[in-house]
Amino acid sequence: MPLPDLAQLIESKALLSALSAIGGGLIGNLIAVLRSRVKTMEYTVHHDRVGFSADDQVFGAIRVTWQNHDVTNLFSSRVTLENQTGKDFTNIKIKVYTSDTLLLGERTEIPGTTYILKWTPDFQQQLHVAPGNAPSAQQFNTYNHSREYVVPVLNRGQRVVMTYLTTVPAAGQGPAVWLDMLHEGVKVQHRQVVPQVHGVPIRLAISIGLVVCVAVLAIASIAFTEPWAAAAVCMFFGLFAQSIGAFVYRGLRLLKALVVR
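Residues numbered from 1 in each chain as written. Predicted model: local features only at pLDDT ≥ 70, side-chain atom pairs only at ≥ 80, totals over all residues. Heavy atoms only, no water.

Trainee: What should I look at first to understand the nonpolar core in this one?
Mentor: Inside soluble globular proteins, nonpolar side chains tend to come together where they are buried. Among the nonpolar cores identified, the biggest contains 23 residues, and M41, L81, I94, M162 and L179 are the most heavily contacted of them. Among all residues touching L81, those that are not within four sequence positions of it are M41, E42, Y43, I94, L154, Q158, R159, V160, L179, M181 and V188. In terms of nonpolar packing, the next biggest core, distinct from the first, is built from five residues, V64, L74, L102 and L104 among them. (Core = buried A, V, L, I, M, F, W, Y, C linked by side-chain atoms within 4.5 Å. Buried < 20%, exposed > 50% of the residue type's maximum accessible area, 1.4 Å probe, protein only. Contact = heavy atoms within 4.5 Å.)

Written as structure tokens, this is what we have:
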């Protein structure tokens, strides 16, 4: 019996059905693996100098005080945690902590809502001071170096912002504030604050934009017979390369969020 040739195999509906089933199964397993991975949330920390102490014998001294104590510097430190994982989370416990930096006053918010963050019950208990008593040295140390919050709901695309007045007793260095989390299926990672365009780092947007421009150049050289038309299209994409790259990146992130939930 003669073996079927390649054309007959391609035209075979049974073979196409089998290949489709195998391909669909592989894609489905790949998506399942991606969905089961531990998600990563990113946080940023931005510091703005509010004031500093200085001694000037000619023009006068500048004093910054906190609770009647002189501090050498004062900063506004903003910690932002954003959920870009494509998955919603509930009852997340987060911890903000420092080493040499002191946390003073605080303000928290969940942008887009009227809610603020609340301390965890354990942290509230640690800092509980009975009426008529003063905080202990250990309580002051805990308050000046850490905060623990519970986030009831953090939907995809949502963020929480924690702003502190901070000071660094060791003059000559800036403040350092970190965030940590212990929650099933998610971890946190620090992201450097860099210049952005449309919410995307400029370097990343430019890189993607240049790749798009190369693809447009290849397509335009084939699709257009008139050189001026191809040049006009390429010039347009080149002028807006970084914006196009940013929108392409955001589109890919959105697609990933829809598929890998």
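Now that the structure has been shown, the text picks up again.
Trainee: Can you walk me through the packing of aromatic side chains in this structure?
Mentor: To describe a pair of aromatic rings, one takes the distance between the centres and the angle between the planes. Enumeration according to the criterion identifies five aromatic pairs in this entry. Aromatic side chains W119 and F123 sit 5.1 Å apart centroid to centroid with 90° between the ring planes, which places their arrangement in the edge-to-face category. Relative accessible area serves as the criterion here: at 24%, W119 is assigned to the partly exposed category. Judged by its relative accessible area of 0%, F123 falls in the buried class. The structure contains a cluster of three or more aromatic residues connected by ring pairs, namely W119, F123 and Y143. Taking NZ or CZ as reference, R147 lies 3.8 Å from the ring centre of Y143, over its face. (Phe/Tyr/Trp six-rings, centres within 6.5 Å; stacked < 30°, edge-to-face > 60°. Lys NZ or Arg CZ within 6 Å of the ring centre and 35° of its normal.)

Trainee: I'm lost on the sheet that holds strand β5 (residues 89-98) in this one. Help?
Mentor: Hydrogen bonds along the backbone pair up the strands of a sheet, which may run parallel or antiparallel. Read across the sheet, four strands follow the order β7-β8-β5-β10 without closing on themselves; strand pairing throughout is antiparallel. The strands lining the two open edges of the sheet, one partner per strand, are β7 (118-119) and β10 (177-181). The pairing of β5 with strand β8 (residues 146-154) spans eight bridges and is antiparallel. By the bridge assignment, K93 is partnered in β8 with V150. Sheet strands touched by helix α4 (residues 137-145): β5, β7 and β8. Its angle to β8, the strand with the most contacts, is close to 50°. (Pairing = 2+ DSSP bridges. Helix = DSSP H or I, 4+ residues; strand = E, 2+ residues; numbered from the N terminus. Axes fitted to C-alpha atoms, helices over the stretch in contact; angles between N-to-C directions.)

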